[in-house]
Amino acid sequence: QVQLVESGGGWVQPGGSLRLSCAFSGSLFSTYTMGWYRQAPGKQRESVANMKRGVYSYYAEYGDPVKGRFTISRDDAKNTVYLQMNSLKPEDTAVYYCNAFRPSDRRQFWGQGTQVTVSS
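These notes cover the structure that comes with them. (Residues numbered from 1 in each chain as written. Predicted model: local features only at pLDDT ≥ 70, side-chain atom pairs only at ≥ 80, totals over all residues. Heavy atoms only, no water.)

1. So, the pattern of salt bridges
A side chain with one charge may pair with a side chain of the opposite charge, provided their charged atoms come close.
Then step 1. This structure, assessed with the given rule, holds 7 salt bridges.
Then step 2. R38 is the partner of D92 in a salt bridge, and the nearest nitrogen-oxygen pair spans 2.9 Å. Linking D92 in the loop between β8 (80–85) and β9 (94–102) with R38 in strand β4 (residues 33–39), this pair joins segments that are 54 residues apart in sequence.
Then step 3. With a shortest N-O distance of 2.7 Å, R102 and D105 are connected by a salt bridge.
Then step 4. Here R102 falls in the buried class, since its relative accessible area comes to 13%.
Then step 5. Under the relative-accessibility criterion, D105 is labelled partly exposed at 37%. (Salt bridge = Lys/Arg side-chain N within 4 Å of Asp/Glu carboxyl O. Helix = DSSP H or I, 4+ residues; strand = E, 2+ residues; numbered from the N terminus. Buried < 20%, exposed > 50% of the residue type's maximum accessible area, 1.4 Å probe, protein only.)

Have a look at this one:
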């Protein structure tokens, strides 16, 4: 069984930064693709960033709205994935969810989410 717990959300002014963390509880963390999604009020959940396994290393994919501003990273020793969010905009306001997906058997888990609010 896998559990994901997000932290680090809060309020920030436009142009500010936040760092989200997702703690992975369970086994075989390295077999999962870890990612961040977000959902704003009245909108569909969208992909923000995913850290996927390549041949030689992990590589990141980002949704168009956050490219150049957000950075995803993971620490396998700590079973933790991070989302560094810089140059935040009001449209980044949403509940951010951590996601774990294992391609081999398509197992998927979600965290409960952490609120990020960007406003003056």
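2. Comments concerning the environment of R19
Then step 1. Examined against the element boundaries, R19 turns out to sit in strand β3 (residues 18–25).
Then step 2. Under the relative-accessibility criterion, R19 is labelled partly exposed at 42%.
Then step 3. Through-space distance from the C-alpha of R19 to that of Y82 is 6.9 Å; in sequence the pair is 63 residues apart.
Then step 4. Those residues in contact with R19, other than ones at most four positions away along the chain, are S7, G8, Y82, L83 and Q84. (Contact = heavy atoms within 4.5 Å.)

3. Here we look at the sheet that holds strand β7 (residues 70–75)
Then step 1. On the basis of which strands lie adjacent, the open sheet formed by 4 strands has the order β1-β3-β8-β7 and antiparallel pairing. Looking at strand neighbours, the two that pair on one side only are β1 (3–7) and β7, the edges of this open sheet. Ignoring which end each strand starts from, the neighbouring axes of this sheet average 15° apart.
Then step 2. As judged from the 5 bridges shared by β1 and β3, these two strands associate in the antiparallel manner. Paired with E6 across the strands is C22, a residue of β3. (Pairing = 2+ DSSP bridges. Axes fitted to C-alpha atoms, helices over the stretch in contact; angles between N-to-C directions.)

4. Quick look at the nonpolar core
Then step 1. L4, M34, W36, L83, M85 and Y96 are the most contacted members of the largest nonpolar core, which has 29 residues in total.
Then step 2. Sorting the residues of this core by element identifies β3, β4, β5 (46–53), β7, β8, β9 and β11 (114–118) as the ones contributing at least two each. (Core = buried A, V, L, I, M, F, W, Y, C linked by side-chain atoms within 4.5 Å.)

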